[in-house]
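Fold and geometry: a report
Below, each chain spelled out in residue letters.
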Amino acid sequence: METVETDVLVVGSGPAGAATALALSTYGVPNVMVTRYGSLADTPRAHITNQRTMEVLRDLGVEDQVTALATPQPLMGNTVFCTSLAGEELGRLRSWGNDPLIQAAHELASPSRMCDMPQHLMEPVLVNAAVSRGTTLRFHTEYLSHEQSDDAVTALVEDRLRGDTYRVRARYLVGADGGRSRVVENAGLPTVGRMGVAGSLNIVFEADLAHLTAHRPSTLYWVLAPGATVGGIGAGLVRCVRPWTEWMVVWGYDLDAGPPDLTEEFARSVVHRLLGDDTIPVRITSTSAWTVNHLYAETYADRRVLCAGDAVHRHPPSNGLGSNTSIQDAYNLAWKLKLVLDGTAAPALLDTYSAERAPVGRQTVERANRSIGETAPVFEALDLLSTSDPEQMWRNVGARKAATSEGAKRRQRLREAIAAKVYEFNAHGVEMNQRYASDAVVPDGTPDPGFDRDPELHHQPTTRPGAKLPHAWVVRGPERLSTLDLGGHGRFTLFTGIGGGCWEEAAAAVRRELGVELATVSIGPGEEYEDPYGDWARLREIGDCGALLTRPDNHIGFRHAEASPEARKLLLGAVRKILGHG
Ligand code: FDA
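This one's a predicted model, so the numbers in the text were calculated from it and none came from an experiment.

The next subject is the overall build of the chain. When helices and strands are counted, the chain shows 19 helices and 25 strands. Its C-alpha atoms give the chain a radius of gyration of 25 Å, near enough to 25 Å, the size a compact globule of 582 residues would have. Along the first, second and third principal axes, the C-alpha atoms of the chain reach 80 × 65 × 40 Å. Looking at the chain residue by residue over its 582 residues, the buried ones come to 58%. Within the chain, contacts between residues at least 6 apart in sequence are counted, and of these 73% link residues at least 24 apart. Within the structure as shown, the chain displays about 22500 Å² of accessible surface, and the carbon and sulfur contribution to it stands at 50%. Across the chain, the centroid of the 58 positively charged side chains sits 2 Å from that of the 72 negatively charged ones.

Core analysis: the biggest nonpolar cluster contains 93 residues, and Leu-9, Leu-173, Leu-337, Phe-492, Leu-549 and Leu-571 have the highest contact counts within it. With 10 residues, the top contributor of residues to this core is helix α9 (residues 322-341). Mapping this core onto the domain boundaries places at least three of its residues in each of domain 1 (3-71 + 116-192 + 298-369) and domain 3 (463-578). Of all hydrophobic cores here, the second largest spans 57 residues; its members include Phe-81, Leu-85, Leu-93 and Ala-417.

Turning our attention to the domain arrangement of the chain. What the domain assignment lists for the chain is domain 1 (3-71 + 116-192 + 298-369), domain 2 (376-420) and domain 3 (463-578). Spacing between the C-alpha centres of domain 1 and domain 3 amounts to 30 Å. Contact residues are listed per partner, giving 14 residues for domain 1 and 19 residues for domain 3. Summed over both sides, the interface of domain 1 with domain 3 buries roughly 1200 Å², with 49% coming from carbon and sulfur. Here domain 1 is connected to domain 3 by 3 salt bridges. For Asp-485, the salt bridge identified is with Arg-58, shortest N-O distance 2.7 Å.

Bringing the pattern of salt bridges into the picture now. Tallying each qualifying case throughout the model produces 43 salt bridges. Ionic pairing is found between Glu-528 and Arg-476, a salt bridge with its closest N-O pair at 3.1 Å. With Glu-528 in the loop between β23 (518-523) and α18 (535-539) and Arg-476 in strand β20 (residues 473-476), this pair connects stretches of sequence that are 52 residues apart. The exposure class of Glu-528 is partly exposed, given its relative accessible area of 45%. Judged by its relative accessible area of 31%, Arg-476 is partly exposed. Residues participating in the shared-partner salt-bridge network are Glu-2, Asp-159, Arg-162 and Asp-164.

Let's shift gears to the side chain of Ser-438. Along the chain, Ser-438 turns up in the loop between α15 (428-432) and β20. On the basis of relative accessibility, which here comes to 14%, the residue Ser-438 falls in the buried class. A distance of 2.9 Å separates a polar atom in the side chain of Ser-438 from the backbone nitrogen of Ala-440. Excluding anything up to four places from it in sequence, Ser-438 contacts Thr-352, Ala-355, Glu-356 and Lys-577.

Quick notes on the rules
- Residues numbered from 1 in each chain as written.
- Predicted model: local features only at pLDDT ≥ 70, side-chain atom pairs only at ≥ 80, totals over all residues.
- Heavy atoms only, no water.
- Helix = DSSP H or I, 4+ residues; strand = E, 2+ residues; numbered from the N terminus.
- Rg over C-alpha atoms; globule rule 2.2 N^0.38 Å.
- Buried < 20%, exposed > 50% of the residue type's maximum accessible area, 1.4 Å probe, protein only.
- Contact = heavy atoms within 4.5 Å.
- Areas by Shrake-Rupley, 256 points an atom, 1.4 Å probe, with all protein chains shown as cover.
- Lys, Arg positive; Asp, Glu negative; His and termini not counted.
- Charge placed at Lys NZ, Arg CZ, Asp CG, Glu CD.
- Core = buried A, V, L, I, M, F, W, Y, C linked by side-chain atoms within 4.5 Å.
- Domains from an automatic or database assignment.
- Buried area = accessible area lost by both parts, 1.4 Å probe.
- Salt bridge = Lys/Arg side-chain N within 4 Å of Asp/Glu carboxyl O.
- Polar contact = N/O pair within 3.5 Å; in protein donor to acceptor, adjacent residues only side chain to side chain.

Here it is in structure tokens:
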């Protein structure tokens, strides 16, 4: 039987697999990506693309391509609650960073903007870039099984065009094969939770809905109609795929009864129900049934097999975290694979992948599932859960307009219930506050002061080891750069300032003695980079002559507040520890 050799075999070409292949190829690691079907995602699927993911894509050199294709942040702005698109509007929530205060927080947090990038557009960008940088892609190729030895993992794959099987022998295998992962199953990774919590339908369609939507631009229009609480994701949903002509409806079904027969007629009737106007011409382009899941893997790796994306965290689309978390998994993993494969790091570095990403995956699963339950108070505020009689439901919806104290109470309850959905539609902290604790992070011994505000809602930048490098605009002559642009690029970076010469010397020693790619950046008046607004000085939490070491994923690996006669020893020790040699 034919055997193909490579360094890394990536199974799956969704956001997790494509981003893994892209990062590996960007870092010069030979890799083969196999994917079961003959095409990439053919439906919009995941779409919300948050700032952290855009930062990752920026570092991987595809941010501009994504921005050019995506719906921009201002058009994502209002989350609308209504009885149907043509029916009564119940309220709106400024969402996805479009509340003026939260908008400011987004501006301050990152050089990158959030956007809406449907998965069928995202995957080609990632895959094209990966292939153009060296990834070998095999469509119609299904992973079947694998076995591991001390120095390799050998997968058996089927060429579905030819109908025969062959082997791929790799140093590592990345299982990015989605929510029904065979790799996770074969690797025996322990999981917590369950699949199939509720039933849901996706109906993708084309219709000109500009007259119902363009004046309140949004990615999501939630419909509180009779039947909307059966299964599903909390309510009926009309999601914008392309303003204002391509759409997707999400509608629940009773799992016990099984998915309905998804005829075109049925799909059209659901769409028209949510639009509230059956005279609108609608062209159905696809339908599918799926389940809400609540499951995460406790560990993401079994020796040479490492898993990423939905394979290890399975949850509903609430909060829009699916492809974001998947792409971020890939970014965490790829540099570690590179350094282990080229011999710079010990294999122990790969253990930190699971230690760092499994808590994030768990948080994602819990948050997304909790968000579904948090829609119920909107229904309760309208007294929609006490009856299933549609006539009574409409009367209850109307009761909030009464000039009575009961009417006032209902109005107030509804405003509060909608405002509370900020945890789903503006959870900036969930998106940006990921802090890692593992052997690839060297604590500096200072006590963790915790968060000043709700860590789910608010991003709190810090340079504490484990956190993402804070963003600040700095300049080099006429050029404006984010601090994040100075780090990343697949290498370590040491940030210091005036009087930090000892750290620059220490960095040179690290390069010499450990063979690590390590850039140095000095920020301050008269240094290569200047901090004209003083933003960096406010954010860096160290003195001018202190040091911050970022890992290739722009997370802080080590910091020291001041200059030190022991700088060389401290930095060497820190990098050795991060590389798994300490
Ligand atoms: P993903 O499932 O995207 O990719 C898995 C890849 O592995 C695919 O390329 C597949 O072909 C391949 N594969 C699987 N088994 C294989 C095997 N044995 N051998 C080789 N290749 C194999 N999210 C959201 O936020 N909003 C939404 O509306 C939706 N809607 C939605 C609809 C449908 C139909 C699906 C399947 C998923 C969604 N999602 C979603 C979820 C979202 O798409 C998901 O979180 C991300 O795609 C996860 O990315 P992954 O790369 O981990 O898996």
